[in-house]
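Now for the letters of each chain:
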Amino acid sequence: MSRLQQTDGLTEEQGELLKLVREFVEEQIIPVATDLEHKDEYPTEIVEGMKEMGIFGLMIPEEYGGLGESLLTYALTVEEIARGWMSVSGIINTHFIVAYMLLQHGTEEQKQRYLPKMAHGEIRGAFSMSEPGCGSDVSGIKTKAVAGEGDSWTINGQKMWLTNGGSANLVAVLVKTDTGADSVYKNMTTFLIEKEPGFGQTAQGVTVPGKIEKMGYKGVDTTELVFEGHQTTTAQILGGEPGKGFYQMMDGVEVGRVNVAARACGLSRRAFELGVAYAQQRETFGKKIADHQAVLFRLADMATKVEAAHQMMVKAARMKDKGQRNDLEAGMAKYLASEYCAQVVEDSFRIHGGYGYSKEYEIERLYREAPMLLIGEGTADIQRMIIGRRLLEDYKLR
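Only a predicted model underlies this, so the values are computations on that prediction, with no experimental measurement involved. Throughout this document, residue positions are counted from 1 along each chain, in the order its sequence is written. Note on the predicted model: pLDDT of at least 70 is required for a residue's local features to be given, and 80 or more for side-chain atom pairs to be given and counted; whole-chain, interface and lining totals, by contrast, use all residues. With hydrogens and water stripped out, all remaining heavy atoms of the structure feed into the side-chain values.

Participant: Could you clarify how one ought to interpret the pairing of strand β1 (residues 125-128) in this entry?
Facilitator: Along any regular strand, the residues point their side chains to alternate faces of the sheet. Partly exposed describes any residue whose relative accessible area lies between the buried limit of under 20% and the exposed limit of over 50%, with all areas from a 1.4 Å probe on protein chains only and scaled to the type maximum. Helix and strand definitions here come from DSSP, where helices need a minimum of 4 consecutive H or I residues and strands a minimum of 2 consecutive E residues; each element is numbered from the N-terminal end. The two faces of β1 match: Gly-125 and Phe-127 on one face and Ala-126 and Ser-128 on the other face are all buried. A pair of strands is labelled paired if DSSP reports no fewer than 2 bridges between them. Bridge analysis of β1 against strand β4 (residues 170-176) gives four bridges, and the strand direction is parallel. For Ala-126, the partnering residue across the bridge sits in β4 and is Val-171.

See below:
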């Protein structure tokens, strides 16, 4: 284990789990990741391996068939997986957020219905807030659920940027509902939408048009989700009560930011490993490029950024595990880790020189993957707004 993989204070069980995940990444993900990514091919065998390891139920309590692990354990697991291939960590990220939202806000009937199957990967989750006309401005969503007779609801609208939108069979969807509240945020509701995996019409009134072509973050499917008169019931409202959807989603996104920070840490660590290895192999002007001061300084900066981001991510996860408010730390971790990741990947790319531009080298894939982490679970500017507002709360003049 390298210095950049160490985390103090883990239990023996946590250490053994991370060792198992690390071996899985080395043997089953890294050797095939670039080839699958270039083909934009879904990593079916890798997903099956993660099912067998129980990763889909990592944070689901044992009473529902999961492993009952902490957010820290989950984040460190995600960091290892993202080091192998960031797209794979995306497959479990959205699943994890939906499971977390069910645990925190679902009715007992909803927990019993979904969580045991989610723990084993039989049910796979996705969540949806964004729409074609809005991203960070959640108040601008237009997809709407209208109450009908009895407990019936009809949903119409179009959602955007669903990770796992095609492969998932349970989607937590944020929609507008007229509950008569004085705030737009209290007129939003999260519905649990069941559908079949795949594309086209996947349920009555639910259509997944197809995969969105992307610069990077390939392999995992990113989709739209279209509702045309989809019929559902109050039983499918998360928690059973309309008007709480925005706050439920924000709770899920908060832990999702720790997840994105962990993914950025894994990706940047892999970029550093590739850069430091190449620097010790490549020769210019009669010596290894690692012996040139300019490259040596670049490696020092990269390693420092990898370590700083990792420690911030660990702090945010540990605070959440202790039941403490961590929106400030989660925002800082996501902001720092994603920005540093982009910088570390670019530095590694520069160390590789012309070869970094070749698809034969792994760094080319990482260079296309890193930008997604700058916008996932809230852009850098959104994180800075969250951080700034929280700081004003903490340092308010008396």
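Participant: What exactly am I supposed to notice about the packing of helix α1 (residues 12-39) against helix α9 (residues 362-375) here?
Facilitator: A pair of packed helices can be characterised by two numbers: the angle between their axes and the separation between those axes. Here α1 crosses α9 at 55°, and the two axes come no closer than 10 Å. Taken together, the axes of α1 and α9 are oblique relative to one another. Read as a crossing pair, α1 and α9 show a hand that is left-handed. Touching Ala-33, Thr-34, Glu-37 and His-38 of α1 are Glu-362, Glu-364, Arg-365, Arg-368 and Glu-369, all from α9. Across the contact of α1 with α9, the residue classes tally to one nonpolar, two polar and six charged. Angles shown run from 0 to 180 degrees and are taken between the N-to-C directions of axes, each axis being a line fitted to C-alpha atoms and, for helices, limited to the stretch in contact. Our angle categories are set so that under 35 degrees counts as roughly parallel, over 145 as roughly antiparallel, 65 to 115 as roughly perpendicular, and the remainder as oblique. Helix crossings fall into two classes, left-handed where the near helix is turned counterclockwise from the far one by less than a right angle and right-handed where it is turned clockwise. Two residues qualify as a contact provided that any one of their heavy atoms is within 4.5 Å of a heavy atom in the partner residue. Three classes are used: nonpolar for Ala, Val, Leu, Ile, Met, Phe, Trp, Tyr, Cys and Pro, charged for Asp, Glu, Lys and Arg, and polar for all others, with Gly counted as polar.

Participant: Explain the packing of helix α4 (residues 86-105) against helix α6 (residues 245-279) here, please?
Facilitator: Where α4 contacts α6, the two axes come as close as 9 Å, and the packing angle between them is 150°. Here α4 lies roughly antiparallel to α6, going by the angle between them. The handedness of the crossing between α4 and α6 is right-handed. Counted together, Met-86, Ser-89, Gly-90, Asn-93, Phe-96, Ile-97, Tyr-100, Met-101, Gln-104 and His-105 of α4 and Gln-248, Met-249, Asp-251, Gly-252, Val-255, Gly-256, Asn-259 and Arg-263 of α6 form the full contact between these two elements. By residue class, the composition of the contact of α4 with α6 is seven nonpolar, nine polar and two charged.

Participant: Could you clarify how one ought to interpret the packing of aromatic side chains in this entry?
Facilitator: In this description, a pair of aromatic rings is defined by centroid distance and the angle of the planes. Stacked, edge-to-face and tilted are the three classes for Phe, Tyr and Trp ring pairs, Trp counted by its six-membered ring, which pair at centre distances within 6.5 Å; planes under 30 degrees apart are stacked, over 60 edge-to-face, the rest tilted. Counting across every chain of the model gives eight aromatic pairs. Ring plane angle 45° and centroid distance 5.4 Å describe the contact between Tyr-355 and Tyr-361, whose orientation is recorded as tilted. Tyr-355 gets classed as partly exposed once you look at its relative accessible area, which sits at 40%. Here Tyr-361 falls in the partly exposed class, since its relative accessible area comes to 27%. An aromatic cluster is present here, built from Tyr-185, Phe-246 and Tyr-247 joined pairwise through their rings.

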